[in-house]
Amino acid sequence: MKKFALIIAGVMVVGVAAGYLFLNQMSVGKEINMIDKKVLVAYYSYSGNTKKVAEKIKNITNGDIFEIVPKKAYSKNYDEVVALAREEKQKDVKPELVDNGNVKDYDIIFVGTPVWWYTMASPVRTFLTKNDFTDKTIVPFCTHGGGGASSTYTDMQKLAPDAKVTEGYTSYENSAKDSEITEWINKLKL
Ligand SMILES: Cc1cc2nc3c(=O)[nH]c(=O)nc-3n(C[C@H](O)[C@H](O)[C@H](O)COP(=O)(O)O)c2cc1C
């Protein structure tokens with residue numbers, strides 16, 4: 001009888017352990033679920049902050065990464081870029097890109113940008129208008145210098161009206177944290 005009870009207890013311990021491992025596996029991974037969905041992390045970055053966030057997202061999601069690069073490089077002089085970007089925003093300029101990218105094979109497209117004059121940087125405007133986002137999910141993120149995301153995400157939805165645009169991840173300059181990014185992605189239930 002004692003032996004029987006021990007066997008039952010053993011089976012229960014193994015069952016609980018297996019259940020724990022299973023649940024653990026499920027929660028680690030939005031990444032794991034997202035393997036079924038094809039993920040692209042597309043970003044533009046002038047001075048490197050947004051690039052760092054893009055790389056963190058790439059590592060967490062196992063997605064592909066695509067850098068949005070304007071054909072004509074922006075000046076290294078910050079003040080010149082600030083002035084040009086203001087003009088580009090006013091005139092709704094969409095600068096030509098080295099490569100427009102192709103979102104056709106992806107389900108989820110993370111789109112990252114620095115905030116330029118309260119909205120996305122001009123090259124990201126080009127990327128959004130040169131691709132077809134029908135039935136795609138755009139997961140936006142941005143870095144800023146103190147003013148927050150401003151109109152960045154609502155403007156993205158306007159440029160890609162056919163996409164589902166989720167809640168974004170907004171971080172100040174170079175302050176993005178892996179843990180915050182993981183929490184954000186898990187919360188989105190992609
Ligand atoms: C042209 C230009 C315009 C900017 N406009 C804003 C703005 O409207 N609001 C804000 O908070 N930061 C603004 N910034 C600061 C950047 O958003 C911030 O430094 C960002 O992290 C830079 O990202 P990056 O290193 O990926 O280029 C601007 C920077 C530049 C160069």
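Residues numbered from 1 in each chain as written. Predicted model: local features only at pLDDT ≥ 70, side-chain atom pairs only at ≥ 80, totals over all residues.

### Some words on helix 3 (residues 49–61)
Relative to the 18 Å expected for 13 residues at 1.5 Å per residue, helix 3 spans 19 Å between its end C-alpha atoms, a close match to the ideal helical length. Within helix 3 the residues assigned to the buried category are Asn49, Thr50, Val53, Ala54, Ile57, Ile60 and Thr61. Burial along helix 3 is one-sided: seen end-on, the buried residues are contained in an arc of 135°. Looking at the residues trailing helix 3, positive phi occurs at Asn62, about 60°. (Helix = DSSP H or I, 4+ residues; strand = E, 2+ residues; numbered from the N terminus. Expected span 1.5 Å × (residues − 1). Buried ≥ 20, exposed ≤ 12 C-beta atoms within 10 Å, placed from the backbone. Arc of directions from axis to C-beta.)

### Quick look at the site of the ligand
Asn49, Thr50, Pro114, Gly145 and Gly147 are the nearest of the 21 residues found near the ligand. In terms of residue class, the shell around the ligand is made up of nine nonpolar, 10 polar and two charged. (Near = placed C-beta within 6 Å. Nonpolar A, V, L, I, M, F, W, Y, C, P; charged D, E, K, R; others polar.)

### Describing the pairing of strand 3 (residues 108–116)
Buried residues dominate strand 3, accounting for nine of its nine residues. Of the pairings in the sheet, the one linking strand 3 to strand 5 (residues 137–144) comprises seven bridges and is parallel in character. Pairing of Ile109 across the sheet is with Ile138, part of strand 5. Bridge analysis of strand 3 against strand 4 (residues 119–120) gives two bridges, and the strand direction is antiparallel. Looking at strand 4, one finds that Val115 is bridged to Met120. Where strand 3 folds back on strand 4, the antiparallel hairpin that results is connected by two residues, among which Trp117 adopts a positive phi of roughly 50°. (Pairing = 2+ DSSP bridges.)

### Quick look at helix 6 (residues 152–159)
The complete set of buried residues in helix 6 reads Thr152, Tyr153, Asp155 and Met156. Looking straight down helix 6, one finds its buried side chains confined to an arc of 160°; they lie on one side. Of the exposed residues in helix 6, the ones pointing more than 90 degrees away from its buried face are Thr154 and Lys158. In this structure, the buried side of helix 6 is in contact with strand 3, strand 4, helix 5 (122–130), strand 5 and strand 6 (164–165). (Contact = placed C-beta atoms within 7 Å.)

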